[in-house]
Amino acid sequence: DGFVGDGATCNATCAADPCMNGGVCTDGESGATCGCEGTGYEGDFCETDVDECADGDDDCADDATCTNTEGSFECACDDPFVGDGRTCACPEGSSGDMCEVCGEGFLARTSDGVCSAIVTLHIEITGDGTGTIVVDGSPMVCTDSCDIEVADGDALEVHAAPTDTTRIIGWSDAGAACSGADCMIAIAGDTTWRLHTTDAADDPTPPARASLEHTTT
């Protein structure tokens, strides 16, 4: 039952449920045939996975990577593009072949080159040293106080000067802290940092944090 043939050769009928992976069975004189269209599988019984990525049968965007899965495939936008993989575009504020062109009101982050909204880093310096703010590899010397336009979400390095003796103790208005000859400043929106510079050869003890005024830019 479920097979047809002359006894020497027997072929399954649909009663034997030969089709796999959602294949549609149709009975004929010589037995069942399986229709695999739309299943993501191929073969006499729809038993073999189709690699749509290798065959070029996927609908992923040009700026996306196709990954084969059992019976299907997945699309994911390549960095720095965003989208669902079928449609990929540059993030907001950027354009160009690799989203390298930042639009008005946006800057490229020094950490990863991604265009991000421009925000203000406000720095106030106390103590006997100076702070050198490294932005995109070009030093900017900040004494007493300064406002710098930076990219939201960036991370900038602050160097004490002279670095052989001067150390930094710093706090942000968001509660972050750093200390040493070099400090990493994380940017999250308009950000204020208070930096106290001191000569390590003398007393490196920083002033009490409460003694430094904290305000949000």
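For the structure given in this document, a descriptive report is provided here. Please read these numbers as outputs of a predicted model, since none were measured by experiment.

Observations concerning the overall build of the protein
- Looking only at helices and strands, one finds one helix and 22 strands in the protein.
- Each of the 217 residues in the protein was classed as buried or not, and the buried ones make up 34%.
- Look at the contacts in the protein between residues 6 or more apart in sequence, and 41% of them connect residues 24 or more apart.
- Accessible surface computed for the protein: about 12100 Å², of which carbon and sulfur atoms make up 47%.

Side note on the nonpolar core
- Counting 20 residues, the largest nonpolar core has Leu121, Ile123, Ile133, Val150, Val158 and Leu195 as the members making the most contacts within it.
- The set of elements that each furnish at least two residues to this core consists of strand 14 (115-127), strand 15 (130-135), strand 17 (145-151), strand 18 (155-161), strand 21 (182-186) and strand 22 (191-199).
- Among the elements that make up this core, the one with the highest residue count is strand 14 (four residues).
- Those residues in contact with valine 150, other than ones at most four positions away along the chain, are Leu107, Ala117, Ile118, Val119, Leu121, Leu156 and Ile187.
- Listed in part, the nine residues of the second largest apolar core include Ala61, Ala64, Cys77 and Phe81.

Description of the pattern of salt bridges
- Under the defined criterion, the tally for this structure stands at three salt bridges.
- Between aspartate 59 and arginine 86 there is a salt bridge, with the nearest N and O atoms lying 3.0 Å from each other. Here aspartate 59 is found in the loop between helix 1 (52-55) and strand 7 (64-69), whereas its partner arginine 86 is found in the loop between strand 9 (82-83) and strand 10 (88-89), with 27 residues between them in sequence.
- According to the relative accessible area criterion, aspartate 59 is partly exposed, its value standing at 43%.

Thoughts on a negative patch on the surface
- Together, Glu42, Asp44, Glu47, Asp51, Asp55 and Asp57 line one region of the surface with negative charge.
- Secondary-structure assignment places glutamate 42 in strand 5 (residues 41-42).

As for the state of the cysteines
- Across all of its chains, the model carries 10 disulfides by this definition.
- There is a disulfide in this structure between cysteine 178 and cysteine 183, and the S-S distance comes to 2.5 Å. Its torsion about the S-S bond being 95°, the disulfide of cysteine 178 and cysteine 183 is classed as right-handed.
- Residue class for cysteine 178 comes out buried when judged on its relative accessible area of 11%.

Some thoughts on the pairing of strand 7
- When strand 7 meets strand 8 (residues 72-77), the two strands line up antiparallel, connected through six bridges. Residue pairing across strands places threonine 69 opposite serine 72, the latter belonging to strand 8.

A word on the environment of isoleucine 133
- Tracing the backbone through its elements, the reader meets isoleucine 133 in strand 15.
- Here the alpha-carbon distance between isoleucine 133 and histidine 159, two residues 26 residues apart in the chain, equals 6.6 Å.

Some details on the environment of alanine 117
- Secondary-structure assignment places alanine 117 in strand 14.
- Taking the C-alpha atoms as reference, alanine 117 lies 9.3 Å from cysteine 102; in sequence the two are 15 residues apart.
- Apart from residues lying up to four places away in sequence, alanine 117 is in contact with Gly105, Phe106, Val150, Ala151 and Asp152.

Quick look at the pairing of strand 20 (residues 177-180)
- In terms of strand pairing, strand 19 (residues 166-172) meets strand 20 through four bridges, oriented antiparallel. Following the sheet pairing, glycine 170 is matched in strand 20 by cysteine 178.
- Hairpin connection, strand 19 to strand 20: the antiparallel pair is bridged by four residues, and glycine 175 has positive phi, about 100°.

Section: unusual backbone geometry
- In the segment running from aspartate 79 into proline 80, the intervening peptide bond is cis, with an omega of 5°.
- If you trace the backbone, proline 80 turns up in the loop between strand 8 and strand 9.
- The phi torsion at cysteine 46 lies on the positive side, around 60°, for a residue other than glycine.
- Turning to its location among the elements, cysteine 46 is positioned in the loop between strand 5 and strand 6 (48-49).

Reading the values: rules and limits
- Residues numbered from 1 in each chain as written.
- Predicted model: local features only at pLDDT ≥ 70, side-chain atom pairs only at ≥ 80, totals over all residues.
- Heavy atoms only, no water.
- Helix = DSSP H or I, 4+ residues; strand = E, 2+ residues; numbered from the N terminus.
- Buried < 20%, exposed > 50% of the residue type's maximum accessible area, 1.4 Å probe, protein only.
- Contact = heavy atoms within 4.5 Å.
- Areas by Shrake-Rupley, 256 points an atom, 1.4 Å probe, with all protein chains shown as cover.
- Core = buried A, V, L, I, M, F, W, Y, C linked by side-chain atoms within 4.5 Å.
- Salt bridge = Lys/Arg side-chain N within 4 Å of Asp/Glu carboxyl O.
- Patch = residues over 30% accessible without salt bridge, like charges linked within 9 Å, V, L, I, M, F, W, Y side chains within 5 Å.
- Lys, Arg positive; Asp, Glu negative; His and termini not counted.
- Charge placed at Lys NZ, Arg CZ, Asp CG, Glu CD.
- Disulfide = S-S within 2.5 Å.
- Pairing = 2+ DSSP bridges.

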